[in-house]
Protein chains: 2
Amino acid sequence: MKLSQLNTSTGTRLNGASVVLVTARDAGVDVCFANPGTTEMPFVGALDFVPGVRPILGLFEGVCTGAADGYGRMTGKPAMTLLHLGPGHANGIANLHNARRARTPILNIVGDHARDHLKYDAPLTSDIESLARPVSIWYRSVAHQAELSRDTADAIAAAVGPQRGVATLVLPVDLQSATVRESVCPAAVRPAPVSFDAARVAEVADLLRRGVSAVLLMGGRALSARGQRAAARIAAATGATCFSETFPARTERGGGLPDIDRLPYFPEPARAVLADKTVVLAGALPPVTYFGYEGIPGELARPEDIVTLAEPGDAADEALDMLADHIGATADVSGVDVEDWPVEDGLLTPQAVGRLLVNALPDQAVVSVEGGTCGYPFVTASARARRHTILTNTGGAIGQGLPVALGAAVACPDRRVFALQSDGSAQYTIQALWTMARERLPIVMLIASNRRYGILQTELARSGLPADTPHASRLTLLDDPPIDWMALSRGYGVPGERATTVRELSLALADALAHTEGPRLIEMCLS
Amino acid sequence: MKLSQLNTSTGTRLNGASVVLVTARDAGVDVCFANPGTTEMPFVGALDFVPGVRPILGLFEGVCTGAADGYGRMTGKPAMTLLHLGPGHANGIANLHNARRARTPILNIVGDHARDHLKYDAPLTSDIESLARPVSIWYRSVAHQAELSRDTADAIAAAVGPQRGVATLVLPVDLQSATVRESVCPAAVRPAPVSFDAARVAEVADLLRRGVSAVLLMGGRALSARGQRAAARIAAATGATCFSETFPARTERGGGLPDIDRLPYFPEPARAVLADKTVVLAGALPPVTYFGYEGIPGELARPEDIVTLAEPGDAADEALDMLADHIGATADVSGVDVEDWPVEDGLLTPQAVGRLLVNALPDQAVVSVEGGTCGYPFVTASARARRHTILTNTGGAIGQGLPVALGAAVACPDRRVFALQSDGSAQYTIQALWTMARERLPIVMLIASNRRYGILQTELARSGLPADTPHASRLTLLDDPPIDWMALSRGYGVPGERATTVRELSLALADALAHTEGPRLIEMCLS
């Protein structure tokens, strides 16, 4: 549909916001996670005028940006956000930070004051560019009406291009509402092709043939089913070990795939598995410690011990396949059989939670994992699950798990989505529950309720500090008052159940899975 | 207490975080609104080591920064925040934006990676400076151990200095945990004196004597009791009219003060009250429209019609007093008598809500107002209340009202604090409820529950757009699902009541006021 057709068919005035919407829609953008304000009203009006883009309201901007991240990871194409000026964008930054680390394409639309209003420094005026650059691979504020379509196309091209990531497009409200001539036409948008460097494959093949002791460190497309199978073939043929990066944007898992562990989080065990090895990067970055610790090198492997097979943006799975062929590892290697874990009844432990969830996952489930308490035990156990996709917190800005689950559920209506979520991090974007209920998304949320910031108590201990002194304990414990998850969940229109034993969690999971009309929340009370 | 004494008395290792804390404490900083992460653990440990700073945990950073704003507005001195790296700071930006507009002093402490870890671009690394500059009047990342105390003192001096505002101090974790020599001593901090320009007073006095028709537009200290009384004297003597800026950081009100109205929000009525007048700025900025509207000038008064009596940071109340004396307006002018509003029973309307709250306010109450639905009717009615302080949303970044109430309650344990809060904006920092419950703060929250973004429906109409088309209505209505405020409140440990009639709200207010052990929430169901 051309803009001129739109105009003719409805008789409504065509405005600048419609130009942006038509351009984006014709490039494949079909959802808009929105928390608009006054400066986005022409855009809101245009959503009713331009068919084909589904607006989804969030009560907080971090819900919108996290949902766009989840959507983009599952579809490979950008969702649109709609945020209100600098402060609205600012509320979305934390999850845009995670999206940046995940290399997720997002068309981040931020409304702004009318161009001739900025000079007055009205209350909501701020330096949007300074706030947006740190999380954006591309930034532009539209300067002229005639550039609305081209700028939108440029933004999408940047988002899906070789660098993949967040493209921030600022739309002054006067341009959103500007009347547009019929001759303006949407620009075409084509994602950059994804490839790899065959010369590097040959180099790594030479190394492996010479018998170096290698670790394949996998990220990006290396963690597709194809990439993992290829890595397992290479490992079987050469004795190499395989690790996923610690917090991958997306991993396929279970359903007969090999069991590829994650590189440990803490530096000591991570260094142990990489020691005296040649580290072959397949879509992963050179491994560094998550935080700097006194007396521990930041680099987990020496630069001279690292070779790059494929960059994070490359077709690392194809590179691994070619590498497997080069070294003559022709046979497919069998993975892990799908099999239920035996779980004895008793009080809930993180290990029991992980195994029960593994047993419950239907084929093609998606699991958004945030928080270490149950996250690590689940991933350890999940190689035996039916085929599923795991999404993790790539950038460490917490409050990502629930919105990402929301976006994944919008992206994949035919797949069951789970959020395995720690209680502390859930609070940062708790408003996600409301949008899940509003959109009737059958997401199953499992809240690991241990009423503490467990990681901080661990880190206090690592720093040689006591966790039981009055202030330190009060800054890491969430037990006063305990959050009443059943009430909170009901507050947002989400039915909840509480489980304290293995049997109760089994029943609650079965109950939640039988329910397909909307979200369910299960509070898992850990002792 | 010197650092050396601290060191001796406990035998604990003195670290860089302690130096920052002692410097801040000795400058009068006695509370820290904190949401720490791994890179702030030495600081958390030091809070137990350095007595005199009360840490208060927030479940979300916007709660911490908004609370620091409320605290600073009530005390005039900075609270400290403690935020985790760029993403943690980012979650606090919206309320720092409001604090910037309120000119509230805040010592915004942001932890960072160890200095030698930044080069690895680990997952949580980001450009903190780019994120912090737009909301900070001062920014520094501590570069050397020897500069910890001086940099802290500089930050506080900037926060309380002539520009007043947010000073962001970034503390790399390695400097927080660095061992410090005993000879390091805290720096002294002295707030800049506040004054005004007597020559300007003489100029304005001349103008008024010549009989110009003036509007006094008041902000900052002009809205103290002294400033308002002086303005009323000037008005009585000259026929000038008085207006408060539309969203003042802090206004004293009631208890016999004159009834000074706020400059209207929308441009048409604002222009009407300023038309053909000389606008005398007393601590207010030149008036501009909140948003730019097509065909309406952004400036509400022509520059040639504006004279400045006192700048926003000046002692505008003293300037007004001198002006009143200069023009011979010696007699004190009587204000509005304290008197209950008559309110008939019936379904709740915004007007009834405003009047009931006015009747219920005890002397010296503090009211944090966010949202127009009930906010305007309350302020209109509140001249007849007992003496109280009103805090409004200065920067338009919503999600400010509950955290500001929280900070005000921490600042003023002897005053009753109310939050008159719209339902939509409450959601952005809803986690404030938990901290209120945790700290047993007897805040009374009144949620105006109309289940919509009322302002956006108004703005759609102003743009000539229908609000009842499918997407526009769905992006401005919050009724599917309706938020269950009783459940949500209980979820965070706050007892709640629901009121749908005048009588129910009266009873709920009386009930809440009798309760002094912690917060109460009243959902006011507006039809």
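(A) Examining the packing of helix α4 (residues 61–75) of chain B against helix α15 (residues 401–411) of chain B more closely. Residues and elements named next belong to chain B. At a minimum axis separation of 6 Å, α4 and α15 run at an interaxial angle of 50°. As far as their axial angle goes, α15 and α4 are oblique. Between α4 and α15 lies a crossing of right-handed hand. For the pair α4 and α15, the contacting residues are Gly62, Val63, Gly66, Ala67, Asp69, Gly70, Tyr71, Met74 and Thr75 in the first and Pro403, Val404, Leu406, Gly407, Ala408, Val410 and Ala411 in the second. The residue makeup of the contact of α4 with α15, split by class, is 10 nonpolar, five polar and one charged.

(B) Looking closely at the relation of the copies chain A and chain B. Of the two same-sequence chains, chain A is brought onto chain B (RMSD 0.0 Å, axial shift 0.0 Å) by a rotation of 180°. On the angle and the small slide along the axis, the relation comes out as a two-fold axis. Both copies present the same face, since 100% of the interface residues in chain A are matched by interface residues at the equivalent positions in chain B.

(C) Up close: the environment of Asp116 of chain A. All names here are of chain A. Checked against the element boundaries, Asp116 lands in the loop between β4 (106–112) and α6 (128–132). The exposure class of Asp116 is exposed, given its relative accessible area of 51%. Sequence separation between Asp116 and Ser18 is 98 residues; the distance between their C-alpha atoms is 21 Å.

(D) Layout of the side chain of Ser149 of chain A. Residues and elements named next belong to chain A. Counting through the fold element by element, Ser149 comes out in helix α7 (residues 148–160). A relative accessible area of 5% places Ser149 in the buried class. Only 3.0 Å separates the side chain of Ser149 from the side chain of Thr23, close enough to count as a polar contact.

(E) Local environment of the interface of chain A and chain B. Contacts between the two partners involve 90 residues from chain A, matched on the other side by 90 residues from chain B. Here chain A and chain B share an interface that buries about 7700 Å² over both sides, 62% of which is from carbon and sulfur atoms. At the junction of chain A with chain B, the criterion picks out eight salt bridges. Put simply, Arg101 of chain B and Asp121 of chain A hold a salt bridge, and the shortest N to O gap is 2.8 Å. On the surface where chain A and chain B come into contact, there are 37 residue pairs in polar contact (both at pLDDT 80 or more). Looking at the side of chain A that touches chain B, the elements with two or more residues in it are α3 (41–49), β2 (54–57), α5 (85–102), α6, α17 (432–438), α18 (454–462), α19 (470–474) and α20 (485–491) of chain A. Here the element with the most residues in the side of chain A that touches chain B is α5 of chain A; it accounts for nine residues. The residue makeup of the side of chain A that touches chain B, split by class, is 46 nonpolar, 28 polar and 16 charged.

(F) Local environment of the sheet that holds strand β10 (residues 261–262) of chain A. All names here are of chain A. Read across the sheet, five strands follow the order β10-β8-β7-β11-β12 without closing on themselves; strand pairing throughout is parallel. Looking along the sheet, the strands with just one partner apiece sit at the ends: β10 and β12 (306–310). Pairing of strand β7 (residues 214–218) with strand β8 (residues 241–244), which is carried by three bridges, proceeds in the parallel orientation. Residue Leu216 lies in a different strand from β8, and its bridge partner there is Cys242. The strands touched by helix α12 (residues 316–326) are β7, β11 (278–282) and β12; relative to β12, the strand with the most contacts, the crossing angle is about 105°.

(G) Inspection of the packing of aromatic side chains at higher detail. Residue and element names in this part refer to chain B. Applying the stated criterion across every chain yields a total of 15 aromatic pairs over all chains. Judged by centre distance (4.8 Å) and plane angle (80°), the rings of Tyr265 and Phe266 are edge-to-face. Here the aromatic rings of Tyr265 and Tyr290 are separated by 5.0 Å at their centres, their planes lie at 50°, and the arrangement is tilted. Of this pair, Tyr265 sits in the loop between β10 (261–262) and α11 (267–274) while Tyr290 is found in the loop between β11 (278–282) and β12 (306–310), placing the two residues 25 residues apart along the sequence. By relative accessible area, Tyr265 is classed as buried at 15%.

The rules behind these values
Residues numbered from 1 in each chain as written. Chains lettered and ligands numbered in written order. Predicted model: local features only at pLDDT ≥ 70, side-chain atom pairs only at ≥ 80, totals over all residues. Heavy atoms only, no water. Axes fitted to C-alpha atoms, helices over the stretch in contact; angles between N-to-C directions. Helix = DSSP H or I, 4+ residues; strand = E, 2+ residues; numbered from the N terminus. Parallel < 35°, antiparallel > 145°, perpendicular 65-115°, else oblique. Left-handed = near helix turned anticlockwise from the far one by under 90°. Contact = heavy atoms within 4.5 Å. Nonpolar A, V, L, I, M, F, W, Y, C, P; charged D, E, K, R; others polar. Least-squares fit on C-alpha atoms with pLDDT ≥ 70 in both. Buried < 20%, exposed > 50% of the residue type's maximum accessible area, 1.4 Å probe, protein only. Polar contact = N/O pair within 3.5 Å; in protein donor to acceptor, adjacent residues only side chain to side chain. Buried area = accessible area lost by both parts, 1.4 Å probe. Salt bridge = Lys/Arg side-chain N within 4 Å of Asp/Glu carboxyl O. Pairing = 2+ DSSP bridges. Phe/Tyr/Trp six-rings, centres within 6.5 Å; stacked < 30°, edge-to-face > 60°.

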